[in-house]
Amino acid sequence: MPPLLRALPLAAWRSCRGLTGCVPRRPAGAWSRALSSLAADAAGRPAPVDPAPSAGCPAPAAPGPGADLHWNFEPRSHLCGDISEGLVGQSVRLNGWLQNPRSMSEQLVFRTLRDHSGVAQLVWEAPAGGLPAVGDLLRSLPLETVVQLTGTVISRPDASKRQHAGAGVTDGLVEVAVHTITPLGRPVASGLPFPIGTGKAPGPAAAVQDDRLKLQYRYLDLRAAGLQGNLRQRHRTLRTARRILDAAGFVEIETPTLFKATSEGAREFLVPARAPGRFYALPQSPQQYKQLLMVAGFDRYYQVARCWRDEDLRADRQPEFTQLDIEMSYATPAIVKKTVHEVISAIWAEAKGVTLPEEFPVLSFDDAIRMYGSDKPDTRFDMIIHDLSTVARKRSSFAPFRRVFDEAAAGPGGAATLEAFVVPGALPRMSKSAWRALSKASRKGHFVIAAEVTADRGLAAVGASTALFDFPDKQSTGIQAEILGPLGAVPGDTIVFVASPPRLPGAASTEAGRQRLDVFQRLAQLDPAWAEPLLQQDHFLWVEDFPLFTVEHDEQTGEFRRESTHHPFTAPHEEDVGLLFSADPRDHARIRAQHYDLVLNGSELGGGSIRIHRADVQQHVFRHILNLSETQVAEFDHLVEALGYGAPPHGGIALGVDRLVASVVGAASLREVIAFPKSTSGADLTVGSPSAVPTADIRLQELRAALAAGADGHR
């Protein structure tokens, strides 16, 4: 509220509302007089004075704090991004932030004005600009001062067009000749923490400090065009998804964010409730609610859902995140995939102008691990992995290989493997020292070595003085038949051999898969021009037939421990249902889940499954497969009871919105597509959370009682 309005008694305001000159705002021409006052201060001249108030009106209060705030300003006529040749000769009124000035002389000033739509070039020339105060202000106002200005759109001189076209200005062919300029807030008094658009701290600040600074002043970093564009693309992505799902008969329904603690998977964030010893849990996903909605008969549901998981953070993970959650009654994996394909295709068409294939390729989990060493393989490049374990056991006395195999044979986990992939000779060449570094960087218990295929079809191992393989006949003949032929390697190629202990149950990648990615990244650094076309591609892939359970065997106790590979509500393949009721825990490791992950360029965009829709089967999984305690089983009573009242077969998927948008805009980190992300320690540096709270607010005595009593047996 303006100070004059605040100063008026209510009765005086009511009596003066209709009188000319009594409206509590600056009279006409006040803005120009204010500008003249600023200029007069600088020149030592007396400032102009507003006329006295009309008769019968109370005198305005003396100026105080906030007296220079301008609430009553005229609406802008255009956005900065609208300024173009079609407006030449027209008067415009613009709002925005002032950017770098270029004062050519006392009579000529250039500057730019930025708003969310773009950047407009400003110019002031003394003969045509009117009051000298306009030029003084345009030249002297600090960076990022919020202003309103008026002016006329004019064409730039030809030389200026050539010089400034593409220099960050939305239209390099025109500029705005400024007539008036009004600061709409107090000018920025001190320097900015970093230049807008760079996120770099002034001076030799460390990269870590720059990163923390950007998060601390996130509202400034968000003014940059790149981050602005990312968040606006996020909005468009969700708008497109909603449009496709709405047309397909889906209903958007919000589910609670104050849920209950359950043994569903990841660690949860707990929220104390008013009832002593009771807690809410922030949901890891709306999984159980959306299944209840299928029981309720909504048939097709979706939600842009906020989710929370108390996990270790990394570049592609945040403690709170957003997912596009979808569930369908009478669904099959094919129906769910078709729906997702329609959503993704529409997003890519509208955001990138790309037509995606009619269907995405499909790989089983076993094939993905075997061929790429990962359950989320990057298929933009080949380097297919081959298993040479049989050849190694029969034909190799190479000491490092033997050591890996012997150590595995002495342990409880099973046999070691020797895997290999080919780096074609046509690719960028890595030096011998780089190949040696790759070998030295391999993890403990593994061994990596590269060998070049020679002209006579032999193998020249990098950094090894002995042969990798022993053949009774001519070396090259045996190598060709048992190694080069199966691998498809030819002279000039390099083969990377990876000896590894047996893969742990539930492991989502292998050492060979990690080396495959590492080698590609090294090659991309050597020759960016070669890698760029590959990196610009988008390779979507469905990975399915995951193990339903991860089964671990304790050799000492003889006991088997089983966990859900994804979550306990996933249904098995129909042909594997019999194994679900087997008494042999090893059979449970063979059960395939009706689960499917959508992978893009080596990143998981989302995952889903067909759900267990029968109460008796769900109870069997809880009690006899996962061996949950009675307390843990009771956590799911609401779901099991609901399934008993007639649940249709159903399934769905959840797509990570943050990762999806990052893929669309090509962001290297999820932070670049989230308005206010957390740091790697889980802190929001902008507002300073998490923060301490008064003891009285957390009801310390109730929390102590809840912990002492074990919350009546609940977590």
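Residues numbered from 1 in each chain as written. Predicted model: local features only at pLDDT ≥ 70, side-chain atom pairs only at ≥ 80, totals over all residues. Heavy atoms only, no water.

1. With respect to helix H11 (residues 333-352)
In this model, H11 (20 residues) spans 27 Å end to end at C-alpha, consistent with the 28 Å of a helix rising 1.5 Å per residue. Of the residues making up H11, those classed as buried are Val336, Lys337, Thr339, Val340, His341, Val343, Ile344, Ser345, Ala346, Ile347 and Trp348. Following H11 by one or two positions, glycine 353 has its phi on the positive side, about 65°. (Helix = DSSP H or I, 4+ residues; strand = E, 2+ residues; numbered from the N terminus. Expected span 1.5 Å × (residues − 1). Buried < 20%, exposed > 50% of the residue type's maximum accessible area, 1.4 Å probe, protein only.)

2. Quick look at the side chain of serine 500
By the element assignment, serine 500 lies in strand S17 (residues 494-500). Among residues more than four places away in sequence, those in contact with serine 500 are Val404, Ala416, Thr417, His446 and Glu511. (Contact = heavy atoms within 4.5 Å.)

3. Description of the sheet that holds strand S10 (residues 300-308)
With respect to topology, 8 strands assemble into an open sheet ordered S7-S10-S11-S23-S22-S21-S18-S12, the strand pairing being mixed. Of all the strands in the sheet, just strand S7 (251-252) and strand S12 (362-364) have a single pairing partner and so form its edges. Bridge count between strand S21 (residues 595-600) and strand S22 (residues 603-610): 6 bridges; the pairing is antiparallel. Within the sheet, the bridge partner assigned to histidine 595 lies in S22 and is serine 609. Against the sheet, helix H10 (residues 287-295) engages S10, strand S11 (320-329) and strand S23 (650-656), with an angle of about 20° to S11. (Pairing = 2+ DSSP bridges. Axes fitted to C-alpha atoms, helices over the stretch in contact; angles between N-to-C directions.)

4. Focus: the confidence of the model for the protein chain
Per-residue confidence for the protein chain gives a mean pLDDT of 84, with 82% of residues at or over 70. Per-residue pLDDT stays below 50 along residues 162-167; that stretch engages in 5 contacts with residues further than four places along the chain or on separate chains. When the criterion is pLDDT under 50, residues 199-208 qualifies, and its contacts beyond four places in sequence or with other chains add up to 15 contacts. (pLDDT = per-residue confidence, 0-100.)

5. A closer look at the environment of proline 428
Relative to the elements of secondary structure, proline 428 occurs in the loop between strand S14 (417-423) and helix H15 (432-440). Judged by its relative accessible area of 14%, proline 428 falls in the buried class. For the pair proline 428 and leucine 523, spaced 95 residues apart in sequence, the C-alpha separation works out to 6.0 Å. If near-sequence neighbours (up to four positions away) are discounted, proline 428 is found in contact with Leu523, Leu526, Asp527 and Trp530.

6. Quick notes on the pairing of strand S15 (residues 447-453)
The buried count for S15 comes to 6 of 7 residues, which makes it a mostly enclosed element. Looking at chain direction, S15 and S17 are connected through 6 bridges and run antiparallel. Within S17, the position partnered with alanine 451 by the bridge is isoleucine 495. Here 3 bridges tie S15 to strand S16 (residues 459-461), and the two strands are oriented antiparallel to one another. Note on S16: the bridge partner recorded for alanine 451 is alanine 461. Connecting S15 to the next strand, S16, in antiparallel fashion are 5 residues, including arginine 457 with a positive phi near 65°.

7. Details of the packing of aromatic side chains
The geometry of two aromatic rings is summed up by the distance between their centres and the angle between their planes. Under the defined criterion, the tally for this structure stands at 17 aromatic pairs. Between phenylalanine 365 and phenylalanine 546, the ring centres sit 5.2 Å apart and the planes meet at 40°, which makes this aromatic pair tilted. You can see phenylalanine 365 sitting in helix H12 (residues 365-372) and its partner phenylalanine 546 sitting in the loop between strand S18 (540-544) and strand S19 (549-553), a full 181 residues away along the chain. The exposure classification of phenylalanine 365 matches that of phenylalanine 546, with both residues buried. Here the aromatic cluster, defined as three or more aromatic residues joined through ring pairs, consists of Phe398, Phe401, Phe447, Phe469 and Phe497. (Phe/Tyr/Trp six-rings, centres within 6.5 Å; stacked < 30°, edge-to-face > 60°.)

8. A few points about the pairing of S17
The buried fraction of S17 is high, at 7 of 7 residues. With burial as the criterion, each face of S17 is covered, one bearing Thr494, Val496, Val498 and Ser500 and the other bearing Ile495, Phe497 and Ala499. Here 7 bridges tie S14 to S17, and the two strands are oriented antiparallel to one another. Bridging from a neighbouring strand, leucine 418 pairs with alanine 499 of S17.

9. Structural notes on the nonpolar core
In this structure, Leu324, Ile344, Trp348, Phe540, Phe549 and Leu598 are the most contacted members of the largest nonpolar core, which totals 60 residues. At 7 residues, H11 tops the list of elements feeding residues into this core. Ignoring sequence-local partners within four residues, the contact set of phenylalanine 540 consists of Ile344, Trp348, Leu356, Phe360, Pro361, Leu598, Val599, Leu600 and Leu605. Membership of the second largest hydrophobic core comes to 27 residues, among which are Phe398, Phe405, Val453 and Ile495. (Core = buried A, V, L, I, M, F, W, Y, C linked by side-chain atoms within 4.5 Å.)

10. A look at the packing of H15 against helix H17 (residues 511-526)
For the pair H15 and H17, interaxial distance at closest approach is 12 Å and the crossing angle is 150°. Here H15 lies roughly antiparallel to H17, going by the angle between them. Handedness of the crossing formed by H15 with H17: right-handed. Residue-level inspection shows Ala434, Trp435, Ala437 and Leu438 of H15 in contact with H17, the latter providing Gln515, Asp518, Val519 and Arg522. For the contact of H15 with H17, a count of residues per class yields 5 nonpolar, 1 polar and 2 charged. (Parallel < 35°, antiparallel > 145°, perpendicular 65-115°, else oblique. Left-handed = near helix turned anticlockwise from the far one by under 90°. Nonpolar A, V, L, I, M, F, W, Y, C, P; charged D, E, K, R; others polar.)

11. Concerning unusual backbone geometry
Note: most residues except glycine have negative phi, and most peptide bonds are trans. Going from serine 689 to proline 690, the amide bond is cis rather than trans, its omega being 0°. Notably, aspartate 545 is not glycine yet its phi reads approximately 60°, a positive angle. Turning to its location among the elements, aspartate 545 is positioned in the loop between S18 and S19.

12. A short note on the sheet that holds S17
Taken together, the 5 strands give an open sheet; going across it, the order is S13-S14-S17-S15-S16, and neighbouring strands pair in antiparallel fashion. The sheet terminates laterally at strand S13 (386-387) and S16, the two strands that pair on one side only. Where S13 lies against S14, 2 bridges are found, and the strand directions are antiparallel. Counted as the bridge partner of histidine 386 is alanine 420 from S14. In the packing of H15 onto the sheet, contacts are made with S14, S15 and S17, and the angle to S15 comes to roughly 150°.

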